[in-house]
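# A structural walkthrough
Okay, here's what each chain looks like letter by letter:
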Amino acid sequence: MYSLVIHGGAGDLSKKAIKELTEKTGITDLEKRYETALKECCELGEKVLKNNGSAKDAVLQCISFMENNYLFNAGKGSSANCKKKFRLEASIMNGKDGSYGACALINKVKNPIKLAEKIMSSKKVAKFIGGSHATYKLAKEYDLETVSPRYFRSKYRTKLNNINKHHNYGTVGAVALDTFGNIVAGTSTGGLFEKEKGRIGDTAIPNISTFADNKIGGISLTGKGEYIIKKAIAYDIIARMKYKNISMEKAIKEILPQLEKNNVGIIGIDAKTGKTSMNFNTKRMFRGNIENSKSLNNRKKQNIPNIAIW
Ligand code: GLY
């Protein structure tokens, strides 16, 4: 059994909004571009999982792929802060032992998720590293690709934010369950457009937006950082599952109506069944999933393709 679920951010980029955007920016086939990117991303992850690769590899490949794509507000397509500077962040958690790595205020590391993974896997004590210089130095130490801050400036994100700054949600995340029963979750973002200098959001904070436990499940969040931190949403879902012995689907159903509208997107995998969840209270969340388990043959009955994109 394996499963994978990805998000490319929750927000108000409905199909109608994308159509308008196409007219205003002159960028054609935007809807198709998102669809293709999400599908390619799922295919990358599935290739890893199908060949008995690790959940960690699947998450790293999926998130790096989205970080390298200007369509998403992470890596290449990041939004700038109020000083027109880029400050990216990411976190990852391994459900096998609860280990995590997190990094924030990045402006020279091409793939923040790879740095988060190196921090997680290293023997060093510090697991949450922030700051332009510290993260750059660490990336060099781990032989990760570094870039000039200019790399993160994309025409698409600038156009998008000029038209409507609320379109800028676009955090990316992935949760994978591999054939060995390991769950890994990761999240990466450029952060809110025009965010305050020095601001760190939810994406960098394990247990808040990124969570994994092989016995319970894995989660990645997208949405308004300050609200997600205030509500400790990832851990709230996990705690409900743990203490009430309920499924992830049920836990999310309980919590979502209690959350303020237009704030949150959630993806996750329930460890017991391998079932993926994808819920949001914004207009849309770019998302895709793959489920491969006996108990999920329902998917076929419901005519849902192996890799489904929304
Ligand atoms: N969830 C992304 C952010 O608030 O920065």
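This report concerns the structure included in the present document. (Residues numbered from 1 in each chain as written. Predicted model: local features only at pLDDT ≥ 70, side-chain atom pairs only at ≥ 80, totals over all residues. Heavy atoms only, no water.)

### A word on a nonpolar patch on the surface
- Together, Tyr 100, Phe 128 and Ile 200 line one region of the surface with nonpolar side chains, adding up to about 240 Å² of accessible area.
- Counting through the fold element by element, Ile 200 comes out in the loop between β6 (183-189) and β7 (210-213). (Patch = residues over 30% accessible without salt bridge, like charges linked within 9 Å, V, L, I, M, F, W, Y side chains within 5 Å. Areas by Shrake-Rupley, 256 points an atom, 1.4 Å probe, with all protein chains shown as cover. Salt bridge = Lys/Arg side-chain N within 4 Å of Asp/Glu carboxyl O. Helix = DSSP H or I, 4+ residues; strand = E, 2+ residues; numbered from the N terminus.)

### A look at the layout of surface pockets
- One number sums up the size of the second largest pocket: a volume of about 220 Å³.
- Lining the second largest pocket are 15 residues, and of these Ala 80, Lys 84, Arg 153, Thr 158 and Phe 193 sit closest to its centre.
- Within the lining of the second largest pocket, the residues separate by chemical class into 4 nonpolar, 7 polar and 4 charged. (1 Å grid on protein atoms, 1.4 Å probe; cavity = no way out; pocket = protein on both sides within 12 Å on 5 of 7 lines; lining within 4 Å. Points joined across faces, edges and corners; volume = space filled by probe spheres on them. Nonpolar A, V, L, I, M, F, W, Y, C, P; charged D, E, K, R; others polar.)

### Thoughts on the environment of Ile 183
- With respect to the helices and strands, the residue Ile 183 is situated in strand β6.
- Separated by 31 residues in sequence, Ile 183 and Asn 214 place their C-alpha atoms 5.4 Å apart.

### Some remarks on helix α9 (residues 248-255)
- For α9, the complete set of buried residues consists of Met 248, Ala 251, Ile 252 and Ile 255. The arc that holds the buried residues of α9, viewed along the axis, is 95 degrees, so those residues lie on one side.
- Lining the buried residues of α9 we find β8 (217-223), α8 (233-244), β9 (264-270) and β10 (276-280). (Buried < 20%, exposed > 50% of the residue type's maximum accessible area, 1.4 Å probe, protein only. Arc of directions from axis to C-beta. Contact = heavy atoms within 4.5 Å.)

### Here we look at the site of the ligand
- Surveying the vicinity of the ligand reveals the residues Thr 171, Thr 189, Gly 191, Leu 192, Arg 199, Asp 202, Thr 203, Gly 223 and Gly 225.
- Measuring from a nitrogen atom of the ligand, one finds a side-chain N or O atom of Asp 202 at 2.7 Å.
- One of the backbone nitrogen or oxygen atoms of Gly 225 is found 2.9 Å away from an oxygen atom of the ligand.
- Its free accessible area being 200 Å², the ligand has 98% of it covered by the protein chains. (Near = heavy atom within 4 Å. Polar contact = N/O pair within 3.5 Å; in protein donor to acceptor, adjacent residues only side chain to side chain.)

### Digging into the environment of Ser 64
- Turning to its location among the elements, Ser 64 is positioned in helix α3 (residues 55-67).
- Take Ser 64: its relative accessible area is 7%, and that puts it in the buried class.
- Between the alpha carbons of Ser 64 and Asn 298 there is a distance of 31 Å; along the sequence they are 234 residues apart.
- Among all residues touching Ser 64, those that are not within four sequence positions of it are Asn 111, Ile 113 and Lys 114.

### A short note on the pairing of strand β1 (residues 2-11)
- By the criterion of burial, β1 is predominantly enclosed, with 10 of the 10 residues buried.
- The pairing of β1 with strand β11 (residues 284-292) spans 8 bridges and is classified as antiparallel. By the bridge assignment for β11, Ile 6 is matched with Gly 288. (Pairing = 2+ DSSP bridges.)

### Focus on the pattern of salt bridges
- Under the definition given, this model contains 10 salt bridges.
- Measuring nitrogen to oxygen at the nearest pair gives 3.7 Å for the salt bridge that ties Glu 145 to Lys 110. One end of the pair, Glu 145, is in the loop between α5 (132-141) and α6 (155-163); the other, Lys 110, is in the loop between β3 (100-106) and α4 (112-121), and 35 residues separate them in sequence.
- Counted as one network, the salt bridges with shared partners bring together Asp 236, Arg 240, Lys 244 and Glu 254.

### Quick notes on the packing of aromatic side chains
- Tallied over the entire structure, the rule returns 7 aromatic pairs.
- Ring centres of Tyr 151 and Phe 152 lie 5.2 Å apart, and the angle between their planes is 75 degrees; this geometry places the pair in the edge-to-face category.
- A residue is classified by how much of its surface remains accessible, and Tyr 151, at 21% relative accessible area, is partly exposed.
- One aromatic cluster is present, built from ring pairs that chain together Tyr 34, Tyr 70, Phe 72, Tyr 156 and Phe 286.
- Positioned above the aromatic ring of Tyr 151 is the side chain of Lys 76, whose terminal nitrogen or guanidinium carbon lies 4.8 Å from the ring centre.
- A cation over an aromatic ring shows up here: Lys 108 above the ring of Tyr 136, its NZ or CZ 5.3 Å from the ring centre. (Phe/Tyr/Trp six-rings, centres within 6.5 Å; stacked < 30°, edge-to-face > 60°. Lys NZ or Arg CZ within 6 Å of the ring centre and 35° of its normal.)

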